[in-house]
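# Secondary and tertiary structure notes
Each chain is listed here by its residues.
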Amino acid sequence: VYRLPTEAEWEYAARAGRETAFANGHITGEEECPNLDKIGWYSKNSEGKTHPVAELDPNAWGLYDMHGNVCEWCQDKADYNTAVITDTYRNGVIDPISNKGSNRVNRGGSWNYVAKDCRSAYRLRYLPENRFLSLGFRLAASPPGH
């Protein structure tokens, strides 16, 4: 069964076993990531466009373009004006899916974002009917019957 990942699943996959802001080990997302060019398309290296998947290095779990290229839709709904924003992945525990609000969560940053907005924990939201050149999706698979 294919579906959009939950926000927690997306962040868990993006971090690939690390607790740093970027899968290649950079600790803080508040400053430029010196090695983001190796793993993600963002405002400084994208030439203002989306790129084919797998042109840059994957994270430790073999996943490409988790940082930048396109923001990715998640299952979770979010109304940031009323919902408390928390980390979705903490100490190996995945939070349950959020169903508050009418906006859907997007993760990962995009080719037109600055480096700090491509970090693992960065999140934003749009109404599901929104369409942008910098917005896409990644599928997750569930075993049949789940």
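For the structure given in this document, a descriptive report is provided here. (Residues numbered from 1 in each chain as written. Predicted model: local features only at pLDDT ≥ 70, side-chain atom pairs only at ≥ 80, totals over all residues. Heavy atoms only, no water.)

## Topic: a nonpolar patch on the surface
Rules: Residues enter patches when they are more than 30% accessible in relative terms and free of salt bridges; like-charged ones are connected within 9 Å and nonpolar ones (Val, Leu, Ile, Met, Phe, Trp, Tyr) within 5 Å. Residue-level accessible areas treat just the shown protein chains as cover; the underlying method is Shrake-Rupley with a 1.4 Å probe. Salt bridges are identified by distance alone: a Lys or Arg side-chain nitrogen within 4 Å of an Asp or Glu carboxyl oxygen. Helix and strand assignments come from DSSP, with helices taken as H or I runs of at least 4 residues and strands as E runs of at least 2, each series counted from the N terminus. Buried means the residue's accessible area, taken with a 1.4 Å probe over protein chains only, is under 20% of the maximum for its type, while exposed means over 50%, and partly exposed covers the values in between.
A cluster of nonpolar side chains, namely Tyr2, Phe137 and Leu139, defines an oily patch on the protein surface of about 420 Å² accessible area. As for its placement among the helices and strands, Phe137 is situated in the loop between β9 (135-136) and β10 (140-141). Judged by relative accessible area, Phe137 falls into the exposed class, the value being 58%.

## Some words on the nonpolar core
How we decide: As used in this record, nonpolar core signifies buried Ala, Val, Leu, Ile, Met, Phe, Trp, Tyr and Cys residues forming a set joined through side-chain atoms within 4.5 Å. By the convention used here, residues are in contact when the closest approach between their heavy atoms is within 4.5 Å.
One finds Phe22, Leu36, Tyr42, Cys71, Tyr113, Cys118 and Leu124 to be the most contacted residues of the largest nonpolar core, which totals 14 residues. Contributions of two or more residues to this core are made by α2 (36-39) and β4 (71-77). Apart from the residues lying within four places of it in its own chain, the contact partners of Leu36 are Phe22, Asn24, Tyr42, His67, Ala115 and Cys118. Grouped together as the second largest cluster of nonpolar side chains are seven residues, Ala13, Cys74, Ala78 and Val105 included.

## Notes on the pattern of salt bridges
Using the criterion set out here, one finds eight salt bridges in the structure. A salt bridge links Glu7 to Arg107; the nearest nitrogen and oxygen atoms lie 3.0 Å apart. Here the residue Glu7 occupies a position in helix α1 (residues 7-15), and Arg107 occupies one in strand β7 (residues 104-107), the gap between them amounting to 100 residues. Arg107 carries the same exposure label as Glu7, and that label is buried. Arg123 is paired through a salt bridge with Glu7; the nearest N and O atoms lie 2.5 Å apart. Here Arg123, found in strand β8 (residues 123-126), pairs with Glu7, found in helix α1; they are 116 residues apart in sequence, far enough to count as distant. For Glu7, a relative accessible area of 2% gives the class buried.

## Considering the sheet that holds β7
The following threshold applies: At least two DSSP bridges between two strands are required for those strands to pair.
Strand order in the open sheet formed by four strands is β8-β7-β4-β9, with mixed pairing between adjacent strands. The open sheet is flanked by β8 and β9, the only strands paired with a single partner. Inspection of the sheet shows β7 paired to β8 by four bridges, in the antiparallel sense. Note that in β8 the partner of Val105 across the bridge is Arg125.

## Things to note about the state of the cysteines
Threshold: When two cysteine sulfur atoms lie within 2.5 Å, the pair is treated as a disulfide.
Summed over the entire model, instances satisfying the criterion amount to zero disulfides. A disulfide-free cysteine, Cys118 has its sulfur positioned 7.6 Å from the sulfur of Cys71, the nearest such atom. Judged by its relative accessible area of 0%, Cys118 is buried.

## Quick look at empty space enclosed by the protein
Note the threshold: Cavities and pockets were defined on a 1 Å grid built over protein atoms only: a cavity is a set of grid points that admits a 1.4 Å probe from which the probe cannot escape, a pocket is an open set flanked by protein on both sides within 12 Å along at least five of seven lines, and lining residues are those with an atom within 4 Å of any such point. Grid points are joined across faces, edges and corners, and a volume is the space filled by probe spheres set on the points. Note on residue categories: nonpolar means Ala, Val, Leu, Ile, Met, Phe, Trp, Tyr, Cys or Pro, charged means Asp, Glu, Lys or Arg, and polar means any other residue, Gly included.
Scanning all chains against the criterion turns up one cavity of 30 Å³ or more. One number sums up the size of the largest cavity: a volume of about 40 Å³. If you go around the largest cavity, the residues you meet are Ala23, Ile39, Asp57, Pro58, Asn59, Leu63, Tyr64, Asp65, Met66 and His67. Looking at the lining of the largest cavity residue by residue, the class counts come to six nonpolar, two polar and two charged.

## A few points about the side chain of Ser110
Heads up, the condition is: Within 3.5 Å is the distance limit for a polar contact, defined as a pair of N or O atoms, with the added protein rule that one can donate a hydrogen and the other accept it, and that residues adjacent in sequence qualify only through two side-chain atoms.
Inspection of the secondary structure puts Ser110 in the loop between β7 and β8. Assessed through its relative accessible area of 0%, Ser110 is described here as buried. At 3.5 Å, the side chain of Ser110 forms a polar contact with the backbone oxygen of Asn69. The contact partners of Ser110, leaving out residues within four places of it in the chain, are Trp41, Tyr42, Gly68, Asn69, Val70, Cys71, Cys118 and Ser134.

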